Amino acid sequence: MRSAFKTRWYLFVGLALLAAIAGFGYYWLQDPDLVWTAINVNTGQQQGDAHLLKINHSVHILIDTGHPDCADSLLQFLKEQGVSRLNAVIITHSHRDHYGGLMALLNNQITIDSVYFNPAPPYLVKKETPWGCSQEEIETILYALVDRDIPVIPMTSNTQWVFDNGTSLKVLYIYDGLRTPIGPTDINDTSAIMMLTHQKIRILFAGDLNQPLGRYITQRRDITSIKADILKVPHHGAEVLADNAFFEAVQPQAMVVPASKSLWLSERCQRLRNLAAQYPTRVNGLDGHIVIKSDGYSFRMETQWHGNRPPEHQPPGPAPCGSSQIMRLAGAGPRPVWTGMNLHLVIPIRQSNDGTLPTVFAGVCPYPGSDGGNDVFSSMPLDLRLSRLGHRCMLAAHWISGSGQNAIRWVLR
Ligand SMILES: [Zn+2]
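Residues numbered from 1 in each chain as written. Predicted model: local features only at pLDDT ≥ 70, side-chain atom pairs only at ≥ 80, totals over all residues.

Peer 1: Could you give me a rundown of unusual backbone geometry, with the residues and numbers involved?
Peer 2: Along the chain, Thr129 connects to Pro130 via a cis peptide bond; the corresponding omega equals 5 degrees. Its location among the elements puts Pro130 in the loop between α5 (122–127) and α6 (135–147). The amide bond that connects Glu239 to the next residue, Val240, takes the cis arrangement and shows omega of 10 degrees. A positive phi is found at Asn165, a non-glycine position, where the angle reads about 55 degrees. Within the secondary structure, Asn165 is located in the loop between β9 (160–162) and β10 (167–173). (Helix = DSSP H or I, 4+ residues; strand = E, 2+ residues; numbered from the N terminus.)

Peer 1: Just give me the short version of the confidence of the model for the chain, but keep the residues and values in it.
Peer 2: This prediction gives the chain a mean pLDDT of 76; 66% of its residues lie at or above 70. Of the regions scoring below 50 in pLDDT, residues 19–29 engages in zero contacts with residues more than four places distant in sequence or in other chains. Considering only residues more than four positions removed or in separate chains, one finds that residues 398–406, a stretch of pLDDT under 50, has 16 contacts. (pLDDT = per-residue confidence, 0-100. Contact = placed C-beta atoms within 7 Å.)

Peer 1: Which residues make up the sheet that holds strand β3 (residues 59–63), and what values go with them?
Peer 2: Strand order in the open sheet made by the eight strands is β8-β7-β5-β3-β2-β1-β16-β17, with mixed pairing throughout. Either end of the sheet is taken by a strand with one partner, and the two such strands are β8 (152–153) and β17 (299–303). As paired strands, strand β1 (residues 34–38) and strand β2 (residues 51–55) are joined by five bridges and run antiparallel to one another. Note that in β2 the partner of Trp36 across the bridge is Leu53. (Pairing = 2+ DSSP bridges.)

Peer 1: Residues and numbers for helix α7 (residues 211–219), please.
Peer 2: Of the positions making up α7, those classed as buried are Leu213, Gly214 and Ile217. Buried residues along α7 cover an arc of 105 degrees about the axis, so they all sit on one side. Tucked inside the fold, the buried residues of α7 contact β10, β11 (193–198) and α8 (244–250). (Buried ≥ 20, exposed ≤ 12 C-beta atoms within 10 Å, placed from the backbone. Arc of directions from axis to C-beta.)

Peer 1: Quick one: what's the story with helix α2 (residues 71–80), residue by residue and with numbers?
Peer 2: Buried within α2 we find Ala71, Ser73, Leu74 and Leu78. Projected onto a plane normal to the axis of α2, the buried residues spread over an arc of 160 degrees and lie on a single side. Those residues of α2 that are exposed and aimed more than 90 degrees away from the buried face are Gln76, Lys79 and Glu80. Buried residues along α2 sit in contact with α4 (102–107). After α2 finishes, the residue Gly82 shows a positive phi value of roughly 70 degrees.

Peer 1: Describe the sheet that holds β9, naming the residues involved and giving the relevant values.
Peer 2: On the basis of which strands lie adjacent, the open sheet formed by seven strands has the order β9-β10-β11-β12-β13-β14-β15 and mixed pairing. The sheet is open, and its two borders are formed by β9 and β15 (281–283), each paired with just one other strand. Mean inter-strand twist for the sheet, computed between neighbouring axes without regard to direction, equals 15 degrees. (Axes fitted to C-alpha atoms, helices over the stretch in contact; angles between N-to-C directions.)

Peer 1: Describe in detail the pairing of strand β16 (residues 290–294), supporting the description with residues and values.
Peer 2: β16 sits mainly inside the fold: four of its five residues count as buried. Across five bridges, the pairing between β1 and β16 is antiparallel. Among the inter-strand pairings, Leu34 is bridged to a residue of β16, identified as Ser294. Looking at chain direction, β16 and β17 are connected through five bridges and run antiparallel. Bridge assignment links Val291 to a residue of β17, and that residue is Glu302. The turn joining β16 and β17, which pair antiparallel and follow one another in sequence, is formed by four residues; a positive phi near 95 degrees is taken by Gly296.

This is how it looks when you write it as structure tokens:
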């Protein structure tokens, strides 16, 4: 009798556990109330910001539209997601890598309910023409919006979008670059700095915040207002982005960097690469689209390219040959010097369908030398070989440099 009771009890506990596991699995299989995708609108040397927020499975908000050169990536992503209508497009500031994809949206039958945009004063635009923006481009966009009866709504530090289920997006700071409390600034410091709140989860969208306004925001007494679980890193991670003190004030659990691979690996991102040792970081030029899903109490990040890559600061562990994984081997083992540059290997590994050896499809990226040049991907003679050692794989890289023959080997479990 006692034993039968025990069996029933175990059965009950087992079933309850199964139900809990199934419920949890079902929950995570569903898209939660908030999904943010940091769209990979980077090509080659060009970087840009474009972030799609999907709220309560129905509302779509696009923060920035990327550079015009990358508009195809933006359109392709929206098409894949089945998004043909945007409830709002927010342009954080008047730079081409943020407003540049807007015309493509208008010309490709994407319905836009309203655009939130504070065009920078022409005086500032003129100073940053042609490299950052142009008055002509900005006016073309504004005329096109007027032609289509799409309202262009200016933002203030009181602008807030409130949704169901405890979700809101609030502009914390926005200045015009002329009447900023710290005096005149560049266009980056006119960025709308916004906090997205989903119940307990806070995400800070820092536009292209630079050092001068970054210092002001950090030093303000209400410093806790910028504390967030996730930081959309300002200015694509490149100097002269906000000081380290800003990052300390935000205290993010994770950071998302909208940057091309070449920018991320260049000297301009050196300080942020150092910070990435402290805060787990994803870069969409490396990881592909970065998807953040929040249930209001926790979040998880997924990346388009099998982003199980360990955070930058973790020593790279052995990667299973058979799993889909991106391995970052930076800092692993010896750091051979190649013509004055540290060698940096980024090696995505993917299992082939027939179960044979994984395919290696990326190579070697030397960090830039002291010249700080951008051509970090200048080709170098490289021979990558993969062989099987029992249950393990060995990856060997050979290359010729000024100092002669070089080789590195990694054994992958
Ligand atoms: Zn930018």
